[in-house]
Each structure stands twice: as structure tokens, then as C-alpha cells.
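The lines below spell out each chain.
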Amino acid sequence: MKRKVAIAISGGVDSAISAYLLQEMGYEVVGVHFQFWTWGNNLSSSENLKRTLVDDIREKIGLRIEIIKEENYFKKTIVDNFLSELSKGQTPNPCVRCNPFVKFKLLKDFAEKENIINISTGHYARVESNHGRNYKLIKGVDPEKDQSYMLCNLNQELLSRTIFPLGGTYKKDNIDLGKNLGLKIIEFPESQDLCFVDTKYYNQFISESIPNSFQPGDIIDKSGKTIGRHKGLVYYTIGQRKDIRVSAEKPYYVIRKDIFKNQLIVGHIDELGRDQMVVNNLNWIYKQPIMPFTCDVKIRYKSPYVRCRIEIASESEIKVNLSRKLRDITPGQYAVFYSGDEVLGGGIISGKEQ
């Protein structure tokens, strides 16, 4: 009897090729397509396209695909949390949160109902185990597509069941394979983009969802001088240059946001950047390393790796000392820690400065 695996099918080429490769590996593959909450009707055409592609995958790959609607759970767990953090002056990353708490959880729940042990997604990442005693999350071999950053909140239970068929492959080869299989190849936005609202409607979505966050306030330079007015802190993030409408010989960038005073603190590019940050809401993939220790860190999905030294800041926080200044250290984003190709874990960048 074939081993079974439940795989999340988005409609894109990556999940389709993952399903095909699992079949080639000898698995009986069951697909699951989740339908999540979206704002208004602006994504209806995109969702309809995805469903058409899911039907195409069902036909071309020869796959049973179950459609599961989880609008309310997704909205409560991801969208409401995103809006709450945004209203506090953070710049959250809902995609990193979604993977363990929604996508992988719901996929695991479905698999258990079907008496299926293994689950799978189309992420470019790998899992390695020490004879089943502990599991490591490893970068995908394609440096342009590695998605291990987005998976930093996974744990041992999820990794013990997960298969990433694309971890050892390259995107360009998977596109070629998809064409050879006769699949409709359509590229959707990268996973750092919001899936529940179209980018062109983002400001309208935010203004209707958290109207109290759109309070104008003072723009302050680093000396404390008021030099202008901002249109609402929710519009700005660290390192941003756009929409700072202040005349000056040199452009201003967002240095910090003071949510309590409703002030936007700005400075010139040479004033931007820090070499320290505090990180909380930590998740260690296997176990917390003995501190202090040295490793690499990424502060955004597409940011470079930077060497750092980590030490305990408090019972629930760590202090990260960077080997060089980074200009875009943004409260609410994830800092993800690596030892070589292995993801050690990650956490949320705090607004604290030490």
C-alpha cells in the first residue's frame, strides 16, 4: 500500500510540481486547496483564476483535491492580528505568522482526519533529521527562491511530518517541467505580499479597518525640532523616504515612530541604521542555543545575511548585536537566525533600543 501525503495546493506551479514529484516518489497524494478571507471583492478575479488553475492541476497531475473554506479562522488569526499590530505602530509580517498557525495547522488537521501522517507544501526549503530524534529546517538550494525565512515559526512536530519536494530543486527547472506537463504557468505575487488585499487597495483597506490610526501628527527631526506634519503613522515604516513632505537640502527618511506621542521621527540617510536590536516572541526550531552565541541573521525575507552576537536581554527577549549597521531594522518584522544553511529560529523585532 502506498504511503499517503496531504499537500497544500495554491494553484501555482510550485505546489503543482511538488504534487507531481511526490507521486514520482511513490506517494499517494491528496491535495488541499484552502479558501481564505479576502477584503471586499477586489481579489475575486484572482481567486477565480486560482480555482481554474487548481482544476487544471487536478486534471494534468491526476490529483484528488479537496476545497476547504476557512475564511473566519484566517481573518481572526491573521488579518485581525495584522491590523492590531499595525495600529500599535508595528510593521507586521502576516505571512510568517500564517504558516504555522493557519496553513500548516489546517493541513495537519486535515491529514489527521484522513489518517495521513505526512504533509507537504511547495516551499523551497528542506528538512533534515537525526535518525528521527530531532529535525532541522534547512535552506532551499536555490538561493533566489529559498523560503526558509518564512518558515521560522515551525516546530519539531510539524517538521517531523513535513516533506518539501522543491527544497533541492531550482525554480527555472520547475517552470520548464510544468510546461512539459502541460500546466498553465501563471506567477502569483511573492509570499511577502499580502494575499488578502490587492496592493492598489491597501490604503483604502487600512483606512476602513482601523480609521482611528489615521491621526495626523508632527514630524520631528532627531534634535526634537518639529519640521512638518505626517498623515498618520500607519502609512510609514522604518527607512521610508516617500510621503515625508518636508523641504530640505537632503532627503529625510523615517528613523522611528513614537506611537504614544503620535510623532514621526526622521533623519538623513547617515542617521539611519542601528547595530543592535531586541527580539521577542521567539521560536527556536529545536532548542534554545546556549547564550551568548554567534550566528547570521536576516531581518527581511530578501535582506542579506549579517553576522551577529546574541545574548539574553530578559526572560522573554534577546539582544542582537550586529557586525554592522542595518538601515531597515523594523519593529514588527521577523529576525531569523541561521547557522550556515540551518535555521535556528526567529522572533519579532521589538521597538526597544538598548
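Placed above this text is the structure.
Rules of the game
Residues numbered from 1 in each chain as written. Predicted model: local features only at pLDDT ≥ 70, side-chain atom pairs only at ≥ 80, totals over all residues. Heavy atoms only, no water. Core = buried A, V, L, I, M, F, W, Y, C linked by side-chain atoms within 4.5 Å. Buried < 20%, exposed > 50% of the residue type's maximum accessible area, 1.4 Å probe, protein only. Helix = DSSP H or I, 4+ residues; strand = E, 2+ residues; numbered from the N terminus. Contact = heavy atoms within 4.5 Å. Axes fitted to C-alpha atoms, helices over the stretch in contact; angles between N-to-C directions. Parallel < 35°, antiparallel > 145°, perpendicular 65-115°, else oblique. Nonpolar A, V, L, I, M, F, W, Y, C, P; charged D, E, K, R; others polar. Pairing = 2+ DSSP bridges.

Enquirer: Please clarify how the nonpolar core should be interpreted in this entry.
Expert: If you look at soluble globular proteins, the nonpolar side chains tend to sit buried side by side. With 51 residues, the main nonpolar core has Phe74, Leu137, Tyr149, Phe196, Phe205 and Ile206 as its most contacted residues. For this core, the element with the most residues is helix H4 (residues 94-113), which contributes nine residues. Excluding residues within four positions of it along the chain, Phe74 makes contact with Phe36, Trp37, Val79, Cys98, Val102, Cys195 and Phe196.

Enquirer: Looking at this structure, I do not really get the packing of helix H1 (residues 13-24) against helix H6 (residues 171-180). What am I missing?
Expert: The description of two packed helices rests on the angle between their axes and on the distance between the axes. Between H1 and H6, the least distance of the axes is 10 Å, while the angle of their chain directions is 75 degrees. When the axes of H1 and H6 are compared, the pair comes out roughly perpendicular. When H1 is examined against H6, the residues Val13, Asp14, Ile17, Tyr20 and Leu21 are found in contact with a partner set consisting of Lys171, Asn174, Leu177 and Gly178. Considered class by class, the residues forming the contact of H1 with H6 number five nonpolar, two polar and two charged.

Enquirer: Any chance you could explain the pairing of strand E17 (residues 342-349) here in plain terms?
Expert: Each regular strand shows side chains that alternate between the opposite faces of the sheet. Buried residues dominate E17, accounting for eight of its eight residues. Two strands pair when backbone bridges link them, and strand E6 (residues 135-139) and E17 are joined in this way by two bridges, in the antiparallel orientation. By the bridge assignment for E17, Leu137 is matched with Val343. Both strand E12 (residues 274-284) and E17 contribute to a ladder of four bridges, which runs antiparallel. Paired with Asn283 across the bridge in E17 is Gly346. Direction of pairing for strand E16 (residues 334-339) relative to E17: antiparallel, over a ladder of six bridges.

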